[in-house]
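Observations on the model geometry
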Amino acid sequence: MDSEFVQTLWLTFKLAASTTVILLLVGLPFARWLAYTRIRVKPLIEALVSMPMVLPPSVIGYYILVIYSPRSWFGEWLGQVFDVRLAFTFEGVLIASVIFSLPFMIQPLHNGLRALPDSLREASYTLGKSKWTTFFRVLLPNIKPSVITAVALTFAHSIGEFGIVLMVGGNMPGETRVASIAIYDEVQALNFKAANSYALILFLISLVLLTTIYSVNRKYDSWKMM
Amino acid sequence: MENDVIDIRVRKRMLTAHGPMDLAVETTIEMGKLVALFGDSGAGKTTLLRILAGLTDPDEGQIHFGDTVWFDSEKKINVPPQQRNISLMFQDYALFPNMTIEENIAFAQPRPNSNEVEELLRLFGLTELQKRKPSGLSGGQRQRVALARALARKPQILLLDEPLSSLNAEMRLMLQDEIEKVHRQWGITTVLVTHDLNEVFRLASQVIHLENGSIKRTGTPESVFSDTSISGKVQITGQIARIDRQDVINIVTVIVGGTQIIKVIAFDSDLENLKIGDHVTVFSKAFNPIVYKLK
């Protein structure tokens, strides 16, 4: 049971960390684009990004499962070309988790960028700096609290993810069995002691992460007022 | 000859508080001059400046910088701000809060050169402050950093968007000196947006007077704002602050340079088309003015 406990926690951490890293790499350019784009369908794109916040995980989980299925063209193509099967695998859960945590990464970054005065970006352009130099040297350093919030929220949300993992990954030890699922499983088996350990750890990690976010934001608020 | 003017012929529909308005401008700016874009707020001054900088796209027209085409709506040419070799000093200065004063200036350089940064810091009296962040500076200090940063880019044109509007009168005079000095020493073509007539007379050799999106007059400040038929011996330009009626006459208070107050007696007939806020010339013909050197 001990090694299983460690394995489950390790898997939970691995899933959350991978999700956060992937989302940070995807989220930074995407949030930059979204913050300054003038295309007409922007509200639709914003809505799509935010969908995971309002839809039950079972809905998105269901669609993801359908797409992963060898009977869909995408699932079939994956199986034939790459010999990859995504349903009930770690990779499959990871992709689902990235999609499901997207708003937690994009929204803080997007809001942070929108809150900066346009003149900062324009000043950098008139000083001859490219879009990406401007982004990494002027914009990003000035939205540090937003970046920290985005990373911490994404990580905390991925660690606590339950529904989407259950739908897409099931409960396979060492592959898709993360802490939140293990709790459910142990309670079903009336094994309250193990459930309690998992629950306490998740509770503490989330508490520490959220406290970090709020203290960082408070520090920056008081700094701004000076 | 073509090489030393900026030729602007643009049209842009703007959405203002009073509904849509067309900015339609045709003018040339001579290289090396200090040109004031003068007009009331909403006249299109800042928009025209942004169009020059490449931050706002006109609906149609052309901008030629010497032989280089910066914008041509027909040929679909629009050179991005990065490649126009301009510096724009924003009204809020747009200093980068994450960088120190020194880093702000170094960031603007086309090629890193710490000697030039030091030189600029010294020139603008910022050496002591170089390790500070912009949030710890006063308005006047920020303005000097913004000016130093704009020059660090080595621009061919310096664009200044109401650079002095948020400063008090004393500071304003000091920084007008600074701008004049920079223009004289570096010889950079400078376009200054202002709604302050004093600034126009103090700094500009050419003024473009914008009103409701089009050019009302253009020329030297004297030719644009003074009636040439006046042969007055003393001419002072200012703004009417108050009109007080006293029996059969009126006392008109004119503020000059934001600090000096002149009281002028006027009859009702003199005041027919004058109101508070009007820019006026106060002149005297009958008496010979006395010039007195200040210590």
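Residues numbered from 1 in each chain as written. Chains lettered and ligands numbered in written order. Predicted model: local features only at pLDDT ≥ 70, side-chain atom pairs only at ≥ 80, totals over all residues.

**Regarding the overall build of chain A**
The criterion, for reference: Numbering of helices and strands runs from the N terminus, with a helix taken as a DSSP run of H or I at least four residues long and a strand as a DSSP run of E at least two residues long. To assign burial, the other C-beta atoms lying within 10 Å of each residue's own C-beta are counted, with C-beta atoms placed from the backbone; 20 or more indicates buried, 12 or fewer indicates exposed, and intermediate counts indicate partly exposed. By the criterion used throughout, residues are in contact when their C-beta atoms, derived from the backbone, lie within 7 Å.
The helix and strand tally for chain A stands at 11 helices and 0 strands. Helices and strands in chain A line up, N terminus first, as α-α-α-α-α-α-α-α-α-α-α. Across the 226 residues in chain A, those meeting the buried criterion constitute 35%. Restricting the contact set of chain A to residue pairs at least 6 apart, pairs at least 24 apart contribute 75%.

**Looking at the overall build of chain B**
Using the following cut-off: Taken over C-alpha atoms, the radius of gyration is set against a globule rule of 2.2 Å times the number of residues to the power 0.38.
Looking only at helices and strands, one finds 7 helices and 15 strands in chain B. Relative to a compact globule of 295 residues, whose C-alpha radius of gyration would be 19 Å, chain B shows 21 Å and is just as compact. Projected onto its principal axes, the C-alpha positions of chain B cover 65 × 50 × 40 Å. Long-range contacts, defined as pairs at least 24 residues apart, comprise 65% of the intrachain contacts of chain B with a sequence gap of at least 6.

**A short note on the packing of helix H1 (residues 2–36) of chain A against helix H5 (residues 90–115) of chain A**
All names here are of chain A. The condition that has to hold: Helix axes are fitted only over the stretch in contact, all axes being lines through C-alpha atoms; the angle between N-to-C directions runs from 0 to 180 degrees. In what follows, roughly perpendicular refers to angles from 65 to 115 degrees, roughly parallel to angles under 35, roughly antiparallel to angles over 145, and oblique to any angle outside these ranges. It is the rotation of the near helix from the far one that decides the hand of a crossing: anticlockwise by less than a right angle makes it left-handed, clockwise makes it right-handed. In this classification, the charged set is Asp, Glu, Lys and Arg, the nonpolar set is Ala, Val, Leu, Ile, Met, Phe, Trp, Tyr, Cys and Pro, and all remaining amino acids, among them Gly, are polar.
It is the contact of H1 with H5, at a shortest axis distance of 7 Å, that shows an interaxial angle of 45 degrees. Here H5 runs oblique to H1, going by the angle between their axes. As H1 runs across H5, the sense of the crossing is right-handed. Its residues placed into classes, the contact of H1 with H5 shows 17 nonpolar, 6 polar and 2 charged.

**Remarks on helix H7 (residues 131–139) of chain A**
Residues and elements named next belong to chain A. As a reminder, the rule being used: This arc corresponds to the set of directions leading from the helix axis out to the C-beta atoms.
Of the positions making up H7, those classed as buried are Thr134, Val138 and Leu139. Projection of H7 onto a plane perpendicular to its axis shows the buried side chains occupying an angular sector of 70 degrees, all on one side. Check the buried side of H7 and you find it contacts H5 and helix H6 (118–126).

**Examining the domain arrangement of chain B**
All names here are of chain B. For clarity, the threshold we go by: An automatic or database domain assignment is the source of the domain bounds shown.
The domain boundaries assigned to chain B delineate domain 1 (2–225) and domain 2 (234–284). Computed from C-alpha atoms alone, the centre-to-centre distance between domain 1 and domain 2 is 32 Å. In this assembly, 6 residues from domain 1 lie in contact with 6 residues from domain 2. Only helix H5 (169–186) and helix H6 (197–203) provide two or more residues apiece to the side of domain 1 that touches domain 2. No other element matches the 3 residues that H6 contributes to the side of domain 1 that touches domain 2. Split by residue class, the side of domain 1 that touches domain 2 holds 4 nonpolar, 1 polar and 1 charged.

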